[in-house]
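This is what each chain is made of:
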Amino acid sequence: MNAPTTAPQAPAVLDIREKGAPLNGQPQVLDTRLFMQLLAFSDCSDATALITLLKNEKVPCVLYQDLSDPCGVGLLTYSEDPDFFTSRLRKVLAKPPFKDLIFKPEFTMLGRTYSSGYEADLKDWLLARSPRLASDPQNRWAIWYPLRRSGAFAKLSAQEQSAILREHGAIGRSFGEAGFAHDIRLACFGLDTNDNDFVIGLLGKDLHPLSATVQAMRKTQQTSSYVDNLGPFFIGRAIFQNPA
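Rules used in this analysis
Residues numbered from 1 in each chain as written. Predicted model: local features only at pLDDT ≥ 70, side-chain atom pairs only at ≥ 80, totals over all residues. Heavy atoms only, no water. Helix = DSSP H or I, 4+ residues; strand = E, 2+ residues; numbered from the N terminus. Buried < 20%, exposed > 50% of the residue type's maximum accessible area, 1.4 Å probe, protein only. Contact = heavy atoms within 4.5 Å. Areas by Shrake-Rupley, 256 points an atom, 1.4 Å probe, with all protein chains shown as cover. Lys, Arg positive; Asp, Glu negative; His and termini not counted. Charge placed at Lys NZ, Arg CZ, Asp CG, Glu CD. Axes fitted to C-alpha atoms, helices over the stretch in contact; angles between N-to-C directions. Parallel < 35°, antiparallel > 145°, perpendicular 65-115°, else oblique. Left-handed = near helix turned anticlockwise from the far one by under 90°. Expected span 1.5 Å × (residues − 1). Arc of directions from axis to C-beta. Core = buried A, V, L, I, M, F, W, Y, C linked by side-chain atoms within 4.5 Å. Salt bridge = Lys/Arg side-chain N within 4 Å of Asp/Glu carboxyl O. Phe/Tyr/Trp six-rings, centres within 6.5 Å; stacked < 30°, edge-to-face > 60°. Disulfide = S-S within 2.5 Å.

A.B. asks: What is the right way to read the overall build of the chain from this model?
C.D. replies: Within the chain, the regular secondary structure consists of eight helices and 12 strands. Oriented by its inertia axes, the alpha-carbon framework of the chain measures out at about 85 × 40 × 40 Å. Taking all 244 residues of the chain together, the buried fraction comes to 45%. Partitioning the contacts of the chain with sequence separation of at least 6, the portion at a separation of at least 24 is 76%. Of the roughly 13600 Å² of accessible surface on the chain, 54% is carried by carbon and sulfur atoms. Averaging the locations of the 26 positively and 26 negatively charged side chains of the chain gives two centres separated by 2 Å.

Here you go:
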C-alpha cells in the first residue's frame, strides 16, 4: 500500500512593505520609501554656479564642500522615485558646470529608508525625517559612509542580533539627545558596486562630535566583531541646502 502523499504547501505571500508600531490599535504599513544618493566631484574652484543651477532646477539636495579635497564637492539628492536619479538628475548633471567637473565614483553612495517595526510615525520616519535632518541649517557638517556586516552576524539568533543592535542604538540616541549628532540610516543591499549593507549619515553643527560618535561606535560589539568593512568616508560642510 502506497504511503499517502502530502500536498505541497502554497508559498507564503511575501510582504515587503515597511511596517511601524501599531497606531490606535491598527498596524502602520507603507509601501513607499525614500532613496538618497551621494555623488562626489573634484576640480570645483567655485561652487556658486553649481548652487545657481541646483536652485533653478529645483533639485532637492544638499551641496557639501569636501573636507578631504580642496577642490571637491559632494551632492546629496533624494527622491521617493528611483527614476529621478536616471532621468531628471542625470539631465542636470549633464549641464555645465557639473559636466565639467571630475566625477569620483569611489565615493558614490545610494540607500533607501527602512523601518524596524517600532516607528511611532512610520510615514514621517520613511519620507520626511531624513530630508528634514539633511536640510536643517544647524546641521552644517556631515560624515557619510557605507558599511558591510560580516556573514557571521546573519547567523546569530534574533535575540542575539537584537541585543547587539540595542547597544549600538543606545550610543546613537545618547549623542542625538545631547544635540551632538543626528543619524540617517539607509539600507543599501544590492544598491552599490561594493555589496554594502547600509549607508550612514552623521549630521551636526560641529565636526568633532561626529568624529566622537564614530569613535564611540568602534567599541560596540557590532562594529568590533561583526563589521567587515567601513568607508570610504566622505566628510563635508553644507554650503547649500534645498529641500525643494
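Following the structure, the description resumes.
A.B. asks: Honestly, the packing of helix α6 (residues 158-177) against helix α7 (residues 207-217) in this entry has me stumped. Any pointers?
C.D. replies: When two helices pack together, their arrangement is captured by the angle between the axes and the distance separating the axes. Between α6 and α7, whose axes approach to 10 Å, the crossing angle comes to 160°. With respect to each other, α6 and α7 are oriented roughly antiparallel. Handedness of the α6/α7 crossing: right-handed. Residues H168, I171, G172 and F175 of α6 form the contact with α7, whose participating residues are P209, A212, T213, A216 and M217.

A.B. asks: So what exactly am I meant to see when it comes to α6 here?
C.D. replies: Residues that lie three or four places apart on an α-helix share one face, since the helix turns once every 3.6 residues. Across its 20 residues, α6 extends 27 Å between first and last C-alpha, which sits within 8% of the 28 Å expected from 1.5 Å per residue. Listing the buried residues of α6 in full gives I164, H168, I171, G172 and F175. Within α6, the buried residues cover an arc of 95° as seen down the axis, which keeps them to one side. Pointing more than 90 degrees away from the buried face of α6 are the exposed residues A158, Q159, R166, R173 and E177.

A.B. asks: Mind showing me how you'd approach the nonpolar core here?
C.D. replies: Side chains of a nonpolar character, in soluble globular proteins, are inclined to be buried together. With 24 residues, the main nonpolar core has Y64, L76, W144, I184 and F234 as its most contacted residues. Every element with two or more residues in this core is listed here: β3 (35-42), β4 (61-66), β5 (73-79), α4 (122-134), β8 (141-149), β9 (182-187), β10 (198-204) and β12 (234-242). Counting residues per element, this core draws most heavily on α4, which supplies five residues. Core analysis: the next-biggest nonpolar cluster, separate from the first, contains 22 residues, F35, A47, C61 and L75 among them.

A.B. asks: Sorry, what's going on with the pattern of salt bridges here?
C.D. replies: Where charged atoms from two side chains of opposite charge come close, those side chains can pair. The tally for this structure, following the rule as stated, stands at 11 salt bridges. Close ionic contact of D31 with R33 constitutes a salt bridge, the shortest N to O distance being 3.3 Å. Where K99 meets D100, a salt bridge forms, and the shortest distance between an N and an O atom there is 3.4 Å. Where salt bridges share partners, they join D15, R17 and K19 into one cluster.

A.B. asks: Would you mind showing me how to read the packing of aromatic side chains here?
C.D. replies: Centre distance and the angle of the planes are the two values used to describe a pair of aromatic rings. Tallied over the entire structure, the rule returns nine aromatic pairs. Aromatic pair Y114 and F198: ring centres 5.9 Å apart, planes at 45°, arrangement tilted. Taken together, the residues span a long stretch of sequence, with Y114 in the loop between β7 (109-112) and α4 and F198 in strand β10 at a distance of 84 residues. Classification of Y114 by relative accessible area gives partly exposed; the value is 23%. Among the aromatic side chains, those forming a connected cluster through ring pairs are F41, F98 and F103.

A.B. asks: Explanation requested: the state of the cysteines in the structure shown.
C.D. replies: Throughout this description, disulfide means a covalent bond between two cysteine sulfur atoms. Under the defined criterion, the tally for this structure stands at zero disulfides. Counting only cysteine sulfurs, C71 is the nearest neighbor of C44, a cysteine outside any disulfide, at a range of 7.9 Å. Since its relative accessible area comes to 8%, C44 is described here as buried. C61 takes part in no disulfide bond, and the closest cysteine sulfur to it belongs to C44, at a distance of 13 Å. Residue classification places C61 among the buried positions, given a relative accessible area of 0%.

On their own, these measurements won't tell you what the molecule is for.
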